[in-house]
Amino acid sequence: MKKYQNFINGKWVDAKSGQTFEDRNPANWDEVVGTFPKSGKEDVDEAVKAARTAFEKWRLVPAPQRGNILKKVGDIMTARKEKIARTMTREMGKVIVETRGDVQEGIDTAYYAASEGRRLFGHTVPSELPNKFNMAIRVPIGVAGIITPWNFPMAIPTWKVFPAILCGNTIVFKPAHDTPATATLLVEILMEAGVPEGVVNIIHGGGADVGNAIVDHPDVDLISFTGSTAVGKKISASASQTLKRVSLELGGKNAQIVMDDADLNLALDGVLWGAFGTTGQRCTATSRLLLHEKVYDKFMSMLVDRTQKLRLGDGLLATTDVGPCIHEGQRKTVHGYVELGQQEGARLVLGGSVGAGNGLSKGWFYQPTIFTDVTPEMRIAKEEIFGPVLSVIRVKSLEEGITVLNNTIYGLSSSIYTKDVNSAFKAIRDVKAGITYINAPTIGAEAHMPFGGVKQTGNGHREGGWTVYDFFSEWKTVYIDYSGGLQRAQIDIEE
Ligand code: UN1
């Protein structure tokens, strides 16, 4: 069994307490992927100190050179794609095709960040006074705390780590307690590619011990967090004590509308992938299907038929369509929602219990589950479940579909299947979500596009693409007066 360590100031070290925790395979809980340091505040303090010291040098490295290192990171990730994907499936459970995609998203993010080193555009703007030059440039901020979830163990860390360091910040990275091995592979690659000591530090452990210590630390300047809305609210409150800049990517309750003019086979492929891909454990997962009454019966029978054929199992097997839930607690949460749905009066038409059978007895499997007769006010229609559970709601029109879609505190992803361009554009205008797909499922964000949501899905920032660079850099406004005299803005202006 492999023993892993923290990485602080260029050295692999144990937690100061000497304590460890185990990382187990959710498809086979007898299999231990490795042991990891159970860290605490004293380890975070050390990492922040290292990051602060390293910042003074790293901020002076030209951004294109920082980008060259990220280009190498992308190259090494490409060479190791299969190894990383297999490790990820072992510790996280999703099927190997998906973990390969997760690594690819990281590679795409690396190459984007590498090229951004030669952009990081600022603005030059004419001054209102003669012989004076105005510009706004991006400058590094300082030490970033990066706290990431287990559902995208490589992609989401890269969304944060790469732009953070490209902009000249240094980081203290706390990966999810459930997927620390993949995160360690990422740090190894960063070091191999030439990131200097102290720029990237990784501290393993739980949110209460490590996450809170990072958020509360007075010498951490910014926090980037992806996870639940409940934890995001706590982080926002704690971080306000030191007025840190905080980016939150939180929950979702995403819906797919299927109109009566939709290509039903296409919509079917979309909802299966959106609802049951990653075992429903995506913040972008399709959790609600808003089905037009005119195609309701036909589509439901197609959907139940195809869902029944999905095969649960170990994600490393080519025969598996749906892997396990991440751990016992998550499976219990999912089952709790299934019981709640029945109490609320929804009709359970498929699934609703743990996965049993060959090869499933030692994993946290849950059957793909479908509820019909769901009404918009039920809790299963409004709350994030984060599992393979789809709630189907019957709608009479586009307007009703959009109203129901918007009836949640979240606003991350959304989808509509229709052949009518007018319906598509009305949905683009009226759906309250950060992402809207037309004739495509709610999942499938690309690395070079803004990613994030409205309402309680976040606090207004965007990851991905060019937008994330606004979070990880500070604007500095510069005025250069070469007139040789005092020129007073607003006052010495000729009328
Ligand atoms: C998440 O759901 O937590 O669009 C991130 C997608 C992925 C990223 C999802 N590319 O589903």
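Residues numbered from 1 in each chain as written. Predicted model: local features only at pLDDT ≥ 70, side-chain atom pairs only at ≥ 80, totals over all residues. Heavy atoms only, no water.

### A closer look at unusual backbone geometry
Of note in this structure, Leu120 is not a glycine but carries a positive phi near 40°. Locating Leu120 in the fold gives a position in the loop between helix H4 (96-116) and strand E6 (123-126). Located in the positive-phi region is Asp373, a residue other than glycine, with phi close to 55°. For Asp373, the position within the fold is in the loop between strand E16 (369-372) and helix H12 (379-382). (Helix = DSSP H or I, 4+ residues; strand = E, 2+ residues; numbered from the N terminus.)

### Looking at the domain arrangement of the chain
Domain annotation of the chain identifies domain 1 (2-250 + 458-478) and domain 2 (254-438). Centre-to-centre separation of domain 1 and domain 2, based on C-alpha positions: 31 Å. Domain 1 puts 22 residues into the contact, and the matching count from domain 2 is 26 residues. Where domain 1 abuts domain 2, roughly 2,100 Å² becomes buried across the two surfaces, and 63% of that area is made up of carbon and sulfur atoms. Broken down residue by residue, the surface that domain 1 buries against domain 2 is led by Trp29, Glu98 and Trp150, which jointly contribute 27%. The shortest N-O distance in the salt bridge between Glu98 and Arg282 comes to 3.8 Å. Across the contact surface, domain 1 and domain 2 share six residue pairs in polar contact (both at pLDDT 80 or more). Every element with two or more residues in the side of domain 1 that touches domain 2 is listed here: strand E5 (28-37), helix H3 (81-92) and H4. Counting residues per element, the side of domain 1 that touches domain 2 draws most heavily on H3, which supplies five residues. (Domains from an automatic or database assignment. Contact = heavy atoms within 4.5 Å. Buried area = accessible area lost by both parts, 1.4 Å probe. Salt bridge = Lys/Arg side-chain N within 4 Å of Asp/Glu carboxyl O. Polar contact = N/O pair within 3.5 Å; in protein donor to acceptor, adjacent residues only side chain to side chain.)

### Details of the packing of helix H2 (residues 63-79) against H4
Packing of H2 against H4 leaves a shortest axis separation of 7 Å and a crossing angle of 160°. Relative to H4, the element H2 is oriented roughly antiparallel. At the point where H2 passes H4, the crossing takes the left-handed sense. Mapping the contact onto sequence places Gly67, Leu70, Lys71, Gly74, Asp75, Met77 and Thr78 in H2 and Val103, Gly106, Ile107, Ala110, Tyr111, Ala113 and Ala114 in H4. Tallied by class, the residues present in the contact of H2 with H4 amount to eight nonpolar, four polar and two charged. (Axes fitted to C-alpha atoms, helices over the stretch in contact; angles between N-to-C directions. Parallel < 35°, antiparallel > 145°, perpendicular 65-115°, else oblique. Left-handed = near helix turned anticlockwise from the far one by under 90°. Nonpolar A, V, L, I, M, F, W, Y, C, P; charged D, E, K, R; others polar.)

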